[in-house]
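Results of the structural survey
Listed below are the residues making up each chain.
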Amino acid sequence: MSEAHGAPVPIGSAVYNQILQFLYVEARLLDEIRLKEWGATLAEDLIYNAPLRETRPMSQQAASVVRTMQHFHDDWRSVMGRIVRLTGTKSAWAEDPPSRTRRLVTNVMVEETDKPQEYSVRSYLLVTRSRFNFDEFDLISGERRDVLRVDGDSFKLARREILLDQAVLGTPNLAIFL
């Protein structure tokens, strides 16, 4: 992941607003299960992962994210394979019928990186997920650490690390994209 210089992109600036729009459109594409369109927003060198969390004492909080074990660690090719499986086959039983989701993206902070035309973006994510006709739903929350790369008038997602808030997930699977 490109290292942030610490130079924040001002909230309300043109670049900040473009990044915010990208994130909102991305959430909408995923909630509306427009996965092929979402796939077109991904850089071909994409790294998309979610490391495990461990509950640790206050003095060991820096070690609570375990990057040697992951809920998933995908690249562009494996994400595109998941998209094809979900949209073009009958073997995606975990998402057929599909989950009803709502992604809320907040607390967006953007910084420049050491690479021109790339931005480090941190955001909070809350996903509600409903399945079948159940009256209960799953809540998935966490922080996303992204790298967005300028691509014409928009961006491509080059990196996404999702730091889930739960050490034990309260959802039966992570067959949805975060």
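Before reading further, recall that the structure is shown in the block above.
Description of the structure in this document. (Residues numbered from 1 in each chain as written. Predicted model: local features only at pLDDT ≥ 70, side-chain atom pairs only at ≥ 80, totals over all residues. Heavy atoms only, no water.)

**Comments concerning the pairing of strand β4 (residues 100-113)**
The sheet contact formed by β4 and strand β5 (residues 118-130) spans 11 bridges and is antiparallel. Looking at the pairing, R100 lines up with S130 of β5. What sits between the antiparallel neighbours β4 and β5 is a turn of 4 residues, in which Q117 has the positive phi angle 70 degrees. (Pairing = 2+ DSSP bridges. Helix = DSSP H or I, 4+ residues; strand = E, 2+ residues; numbered from the N terminus.)

**Regarding the packing of aromatic side chains**
Using the criterion set out here, one finds 6 aromatic pairs in the structure. Arranged with centres 6.4 Å apart and planes meeting at 85 degrees, the rings of Y119 and F155 form a pair that is edge-to-face. In this pair, Y119 sits in strand β5 while F155 sits in strand β7 (residues 154-164), placing the two residues 36 residues apart along the sequence. With respect to burial, Y119 and F155 carry one shared label: buried. Grouping aromatic residues by their ring pairs yields a cluster made of W38, Y48, F72 and F177. Taking the ring centre of F72 as reference, the NZ or CZ of R82 above it sits at 5.7 Å. (Phe/Tyr/Trp six-rings, centres within 6.5 Å; stacked < 30°, edge-to-face > 60°. Buried < 20%, exposed > 50% of the residue type's maximum accessible area, 1.4 Å probe, protein only. Lys NZ or Arg CZ within 6 Å of the ring centre and 35° of its normal.)

**Details of the nonpolar core**
Judged by nonpolar contacts, the single largest core of 35 residues is most densely connected at W38, Y48 and L178. Going through the elements one at a time, α1 (14-31), α2 (35-39), β2 (42-53), α3 (76-88), β4, β5, β6 (137-151) and β7 are the ones with two or more residues in this core. Tallying contributions element by element places α1 first for this core, with 8 residues. (Core = buried A, V, L, I, M, F, W, Y, C linked by side-chain atoms within 4.5 Å.)

**Section: the side chain of S130**
Residue placement: S130 occurs in strand β5. Other than its neighbours up to four places away in sequence, S130 contacts S99, R100, E136 and F137. (Contact = heavy atoms within 4.5 Å.)

**Considering α1**
Taking 1.5 Å per residue, 18 residues should reach 26 Å; α1 reaches 26 Å between its end C-alpha atoms and fits that length. Turning to α1, its buried residues are Y16, I19, L20, F22, L23, E26, A27, L29, L30 and D31. Packed against the buried residues of α1 are α2, β4, β5, β6 and β7. One or two steps after α1, the chain reaches I33, where phi turns positive at roughly 55 degrees. (Expected span 1.5 Å × (residues − 1).)

**Looking at a nonpolar patch on the surface**
A cluster of nonpolar side chains, namely L104, L126, F137 and L139, defines an oily patch on the protein surface of about 360 Å² accessible area. Within the element layout of this structure, L139 appears in strand β6. (Patch = residues over 30% accessible without salt bridge, like charges linked within 9 Å, V, L, I, M, F, W, Y side chains within 5 Å. Areas by Shrake-Rupley, 256 points an atom, 1.4 Å probe, with all protein chains shown as cover. Salt bridge = Lys/Arg side-chain N within 4 Å of Asp/Glu carboxyl O.)

**Some remarks on the pattern of salt bridges**
Evaluation of the coordinates by the stated rule reveals 15 salt bridges. Across the pair E32 and R28 runs a salt bridge whose closest N-O atoms are separated by 2.9 Å. On the basis of relative accessible area, R28 is assigned to the exposed category, the value being 53%. Between R149 and E118 there is a salt bridge, with the nearest N and O atoms lying 2.7 Å from each other. Placement of the pair is R149 in strand β6 and E118 in strand β5, with a sequence separation of 31 residues.

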